[in-house]
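# Overview (structure and organization)
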Amino acid sequence: MKRRDFFYCVASLLGLAFAGQVKSREASLGSAASISNRLYGAAVRGDLLQQDGAYRRCVLANCSSITPELALKWAALQPQPDQFDFSEMDYLMRFAKANGMAVYGHTLLWHESIPAWALEPMATKKDWGIIQRYMETVLGRLAGSIRYWDVVNEPIDTVDGVDGLRNSPFLAAFGPDYIPNALRTARMLAPAARLMINEFGVEYDLAVEDDRRSRLLKLLETLRKGGVPIDGLGLQAHLELAKGQVSQQKLKPFLDAVADLGLEIYVTELDVREGNYAQAPDRRDRDVADAVSRYLDIVMPYSNLRGITTWGICDRYSWLQITPEDLAKYGDIWKDGSGPGLNRGLPFDASMQPKPFSNALLQAFSDSRVKYGRD
Ligand code: G3I
């Protein structure tokens, strides 16, 4: 048994008391979300769920859904052409099942998670069989238990792309048809799944985001008109305070057009990169929560919104790290050796205490009484 398999196997045996830890769900984000028949989830990591009890309890207390932050990416799942590793994913599936949580499938095709071994044969042989075999294995194993799948992640690039599509190894090998082909392959292998395209960068009144919205919409329209199986759009929603305020004027017509195409939406990766680390922590938290509230005010009224996932749950484990370059912008204000701590862009702080972000979510969920039928 490999070290990683052994770890998750022991972890499962020790941790089968999962189900007993769910009691505090009452006041949770997940139960607030369920008022409007939606899910609240967080991107999670299996190793952290095992190692950090406070983190695990926070996830258990709040999430009605989890998204694997790393475990369901191609490079993690198929490290070698003839070797699949589902150990972390199996663990997360058991964890979710024991606690009545949904799992959101992130992600099948993403240019940043292609295993190194696949790059050369994809580029030279243009062999779709590589993708077919990978999708067959992953969906064959998980399609029955995961409803939402980010089939293609981040296909848009209006700056360096080709006709607005990201110049990824997929585009280079298969041309723009890789998108409909991936969706058709996914439908065949997972007939009951909701098939999503997941994108970032559509929230602000910026020229580059105008271009992204319009290219993404064009892609979705083309897919729908061509009868390609696509069920929805994942909105990553990595908010950035330095970009200004989320633009209702820009976002709403975009979401209206997505809804007019008959597509669902799902907020898949909500978090906030702060704009001013020099302020007092409570002011920083308020700025973050204000941005979140503003965003939620725009998206929550959409009856085709199925759920909200934050990209992580607590600042202790956020991908949004403050870099030395960020700090350099503030001169020597922390010359005494202190610093701004972590980026504060998730619902719970580094000690798992709820912050105004969490209240903003609770408020938005409980204000939202939109009822829709799940098909
Ligand atoms: O855990 C190892 C550690 O042992 C090692 O020392 C270190 C050295 O680099 O790497 C650590 O793994 C890193 C892992 O995050 C955990 O921190 C990987 O290198 C790093 O590539 C990985 O980054 C993840 C990234 O996707 C690529 O998979 C981020 O955590 C994850 O938050 C990010 O998530 C993406 C979404 O999938 C798509 N949308 C954007 C989002 C943020 O970039």
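Heads up: these notes are all about the structure in this document. (Residues numbered from 1 in each chain as written. Predicted model: local features only at pLDDT ≥ 70, side-chain atom pairs only at ≥ 80, totals over all residues. Heavy atoms only, no water.)

### Some details on the overall build of the chain
Across its full length, the chain holds 15 helices and nine strands. Relative to the globule expectation of 21 Å for 375 residues, the C-alpha radius of gyration of the chain, 20 Å, shows essentially globular dimensions. Projected onto its principal axes, the C-alpha coordinates of the chain cover approximately 55 × 50 × 50 Å. Of all 375 residues assigned to the chain, the portion counted as buried reaches 56%. At a minimum sequence separation of 6, the contacts of the chain that also span at least 24 residues come to 81%. Working note: accessible area of the chain is about 15700 Å², and carbon and sulfur atoms make up 53% of it. The average position of the 44 basic charges and that of the 47 acidic charges among the side chains of the chain differ by 5 Å. (Helix = DSSP H or I, 4+ residues; strand = E, 2+ residues; numbered from the N terminus. Rg over C-alpha atoms; globule rule 2.2 N^0.38 Å. Buried < 20%, exposed > 50% of the residue type's maximum accessible area, 1.4 Å probe, protein only. Contact = heavy atoms within 4.5 Å. Areas by Shrake-Rupley, 256 points an atom, 1.4 Å probe, with all protein chains shown as cover. Lys, Arg positive; Asp, Glu negative; His and termini not counted. Charge placed at Lys NZ, Arg CZ, Asp CG, Glu CD.)

### Overview of the site of the ligand
In the vicinity of the ligand there are 13 residues, among which Glu69, Lys73, His106, Glu269 and Trp311 approach most closely. One of the side-chain N or O atoms of glutamate 69 is found 2.5 Å from an oxygen atom in the ligand. Side-chain polar atom of glutamine 236 to a nitrogen atom of the ligand: 3.3 Å apart, as the coordinates give it. (Near = heavy atom within 4 Å. Polar contact = N/O pair within 3.5 Å; in protein donor to acceptor, adjacent residues only side chain to side chain.)

### Examining the environment of serine 64
Relative to the assigned elements, serine 64 resides in the loop between α4 (53-62) and β2 (65-68). Overall, the relative accessible area of 12% leaves serine 64 in the buried class. Distance in space between the C-alpha atoms of serine 64 and glutamine 80 is 33 Å, their sequence separation being 16 residues. In this structure, serine 64 is in contact with Gly30, Leu39, Tyr40, Gly100, Met101 and Ala102, ignoring residues within four places of it in sequence.

### Digging into unusual backbone geometry
Each neighbour pair has its own omega, and for histidine 106 with threonine 107 the value is 5°, a cis peptide bond. Inspection of the secondary structure assignment puts threonine 107 in strand β3 (residues 102-110). In the Ramachandran plot, asparagine 37 falls in the positive-phi region, its phi being about 65° despite a non-glycine side chain. Mapping asparagine 37 onto the fold places it in the loop between α2 (29-34) and β1 (39-44). The backbone of aspartate 163 shows a phi angle near 50°, a positive value even though the residue is not glycine. For aspartate 163, the position within the fold is in the loop between β4 (148-153) and α9 (169-174).

### Regarding the side chain of asparagine 62
Locating asparagine 62 in the fold gives a position in helix α4. When sequence neighbours within four positions are dropped, the list of residues in contact with asparagine 62 reads Ser28, Leu29, Gly30, Tyr40, Ile313 and Phe348.

### Thoughts on the packing of aromatic side chains
On inspection of all chains with the given rule, the structure shows 12 aromatic pairs. Ring centres of tryptophan 74 and tyrosine 134 lie 4.4 Å apart, and the angle between their planes is 15°; this geometry places the pair in the stacked category. Of the two residues, tryptophan 74 sits in helix α5 (residues 74-77) while tyrosine 134 sits in helix α8 (residues 128-142), which places them 60 residues apart along the sequence. Residue tryptophan 74 is classed as buried on the basis of its relative accessible area, which comes to 0%. One Lys or Arg, arginine 212, reaches over the ring of phenylalanine 200 and ends 4.1 Å from the middle of that ring. The ring of tryptophan 319 has arginine 273 sitting right over it, with the charged end atom 5.8 Å from the ring centre. (Phe/Tyr/Trp six-rings, centres within 6.5 Å; stacked < 30°, edge-to-face > 60°. Lys NZ or Arg CZ within 6 Å of the ring centre and 35° of its normal.)

### Some words on the pattern of salt bridges
By the definition in use, this model includes 22 salt bridges. Residue lysine 250 pairs with aspartate 210 through a salt bridge whose shortest N-O separation is 3.2 Å. With lysine 250 in helix α12 (residues 248-260) and aspartate 210 in helix α11 (residues 207-225), this residue pair connects regions lying 40 residues apart in the sequence. One network of salt bridges, with partners in common, ties together Arg187, Arg194, Asp231, Glu264 and Arg306. (Salt bridge = Lys/Arg side-chain N within 4 Å of Asp/Glu carboxyl O.)

### Section: the packing of α8 against helix α10 (residues 178-189)
Where α8 meets α10, the closest approach of the two axes is 10 Å, and the angle between their N-to-C directions is 35°. Relative to α10, the crossing made by α8 is right-handed. Contacts between α8 and α10 involve Trp128, Gln132, Met135, Glu136 and Leu139 from the first element and Tyr178, Asn181, Ala182, Thr185, Ala186 and Leu189 from the second. (Axes fitted to C-alpha atoms, helices over the stretch in contact; angles between N-to-C directions. Left-handed = near helix turned anticlockwise from the far one by under 90°.)

### Notes on helix α6 (residues 87-98)
Helix length check: α6 (12 residues) gives 17 Å between terminal C-alpha atoms against 16 Å at 1.5 Å per residue, within 8%. The set of residues buried in α6 consists of Ser87, Glu88, Met89, Tyr91, Leu92, Met93, Phe95 and Ala96. Taken from the residues just after α6, glycine 100 is the one with a positive phi, measuring 60°. (Expected span 1.5 Å × (residues − 1).)

### Structural notes on α8
Here α8 is 15 residues long and its end C-alpha atoms lie 21 Å apart, about the 21 Å a rise of 1.5 Å per residue gives. Considered for burial, the residues of α8 that qualify are Trp128, Gly129, Ile130, Ile131, Tyr134, Met135, Val138, Leu139 and Leu142.

### Description of the environment of glutamate 209
Here glutamate 209 shows up in helix α11. We classify glutamate 209 as buried; its relative accessible area is 2%. Spatially, the C-alpha atoms of glutamate 209 and leucine 251 are 9.9 Å apart, while their sequence positions differ by 42 residues. Dropping the residues within four chain positions of it, glutamate 209 is found in contact with Gly201, Val202, Glu203, Tyr204 and Lys243.

### Here we look at the packing of α12 against helix α13 (residues 281-299)
In contact at an axis separation of 10 Å, α12 and α13 are set at 35° when each is read in the N-to-C sense. The element α12 and its partner α13 pack so that their crossing is right-handed. When α12 is examined against α13, the residues Gln248, Leu251 and Leu255 are found in contact with a partner set consisting of Tyr295, Ile298 and Val299. Considering only residue class, the contact of α12 with α13 consists of five nonpolar, one polar and no charged. (Nonpolar A, V, L, I, M, F, W, Y, C, P; charged D, E, K, R; others polar.)

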